[in-house]
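Spelled out, the chains give:
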Amino acid sequence: MQITTKAIVLSSLKYGDTSLIVRAFTQSDGIKSYLLKGVLASKKAKIRPAYFLPLMQLEIQANHKNKGTLESIRDVRVGIPYQTMHTDIVKNSVVLFLAEMLGNSIQEQEQDESLYNYLEYSLHWMDIHPLSPNFHILFLLNLTKYLGFYPDTSYQNSPFFDLLEGSFSRTPSLNPLIQSENLESFKKFLGTDFVALQTIQLTKSNRRELLKIMIQYYGLHVHGFREPKSLAVLNAVFT
């Protein structure tokens, strides 16, 4: 079936000498993987590798056989052109990290309009605004709304947050917990949007600890989740 859809690139992998395998989150069908034969062979090719940088927002014409095999792309164009995402060194480091997190977390192979809209809006926001060093933390926290494990904000005055249960607790348990200074940092992000990020002040060590906790939270709730390899680069950028 030939389909026209928006798509956000999650990863691209060289296949052989001349081809790419591209994994993307599509507006129409969720996660899809495409084999782009010969795309690296000719500089005059209509479909160019530059379209498939991490988190590029595209509009594609594709053939979807929906048989669990690699699909094909007939035509592609940029959907939302970026101004800074791939030229600003710091933003590009965040892009690589978020692309890897999304690739490890989104498993939907069906349409999810609300998740697609969140990604489209958030990435466009990041592109056109100065980058807050806390952007990626809020991005990941709010992403959990669409993945099904956003924190239960009841009883926020409790001294513990249970990462496995996803809720605040008045008493400790054997589950991984957020407490003390880390808990106060965590609570600053609950119910916050990107506009208000500039009001959140964290030390570098607070930010690193909170990011470590967010990755642990994902690991507890996403089946088969793998810690992103790009985490070390991101930590170096914000050190």
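Treat the numbers as computed from the prediction; the structure is a model and nothing was measured.

Colleague: Pulling in residues and values, what's your account of the pattern of salt bridges?
Modeller: Here the structure, examined in full by the defined rule, presents five salt bridges. Where Glu71 meets Lys32, a salt bridge forms, and the shortest distance between an N and an O atom there is 3.0 Å. Within this pair, whereas Glu71 is found in the loop between β4 (57-63) and β5 (72-78), its partner Lys32 is found in strand β3 (residues 30-36), the two being separated by 39 residues in sequence. For the residue pair Glu71 and Lys32, the accessibility class agrees, reading buried in each case. A salt bridge links Arg77 to Glu59; its shortest N-O distance comes to 2.7 Å. In this pair, Arg77 is assigned in strand β5 and Glu59 in strand β4, connecting sequence segments 18 residues apart. Residue classification places Glu59 among the partly exposed positions, given a relative accessible area of 25%.

Colleague: Describe in detail the pairing of strand β1 (residues 2-15), supporting the description with residues and values.
Modeller: With seven bridges connecting them, β1 and β4 associate as antiparallel partners. Looking at the pairing, Lys6 lines up with Glu59 of β4. Linking two consecutive strands that pair antiparallel, namely β1 and strand β2 (residues 19-26), is a turn of three residues; a positive phi of about 70° is found at Gly16 within it.

Colleague: Can you explain the packing of aromatic side chains? Please cite residues and give values.
Modeller: Scanning all chains against the criterion turns up 14 aromatic pairs. Arranged with centres 4.8 Å apart and planes meeting at 20°, the rings of Phe135 and Phe194 form a pair that is stacked. Taken together, the residues Phe135 in helix α3 (residues 135-147) and Phe194 in the loop between α4 (180-189) and α5 (204-221) connect sequence positions 59 residues apart. Accessibility expressed as a relative area gives 2% for Phe135, which makes it buried.

Colleague: Hey, could you go over the nonpolar core for me, with residue numbers and the actual values?
Modeller: By size, the foremost hydrophobic cluster in this structure holds 71 residues, and its most contacted members are Phe52, Leu55, Leu119, Phe139 and Phe186. Setting aside residues up to four positions removed in sequence, Phe139 forms contacts with Leu98, Leu102, Tyr118, Leu119, Ser122, Leu123 and Phe194.

About the thresholds
- Residues numbered from 1 in each chain as written.
- Predicted model: local features only at pLDDT ≥ 70, side-chain atom pairs only at ≥ 80, totals over all residues.
- Heavy atoms only, no water.
- Salt bridge = Lys/Arg side-chain N within 4 Å of Asp/Glu carboxyl O.
- Helix = DSSP H or I, 4+ residues; strand = E, 2+ residues; numbered from the N terminus.
- Buried < 20%, exposed > 50% of the residue type's maximum accessible area, 1.4 Å probe, protein only.
- Pairing = 2+ DSSP bridges.
- Phe/Tyr/Trp six-rings, centres within 6.5 Å; stacked < 30°, edge-to-face > 60°.
- Core = buried A, V, L, I, M, F, W, Y, C linked by side-chain atoms within 4.5 Å.
- Contact = heavy atoms within 4.5 Å.

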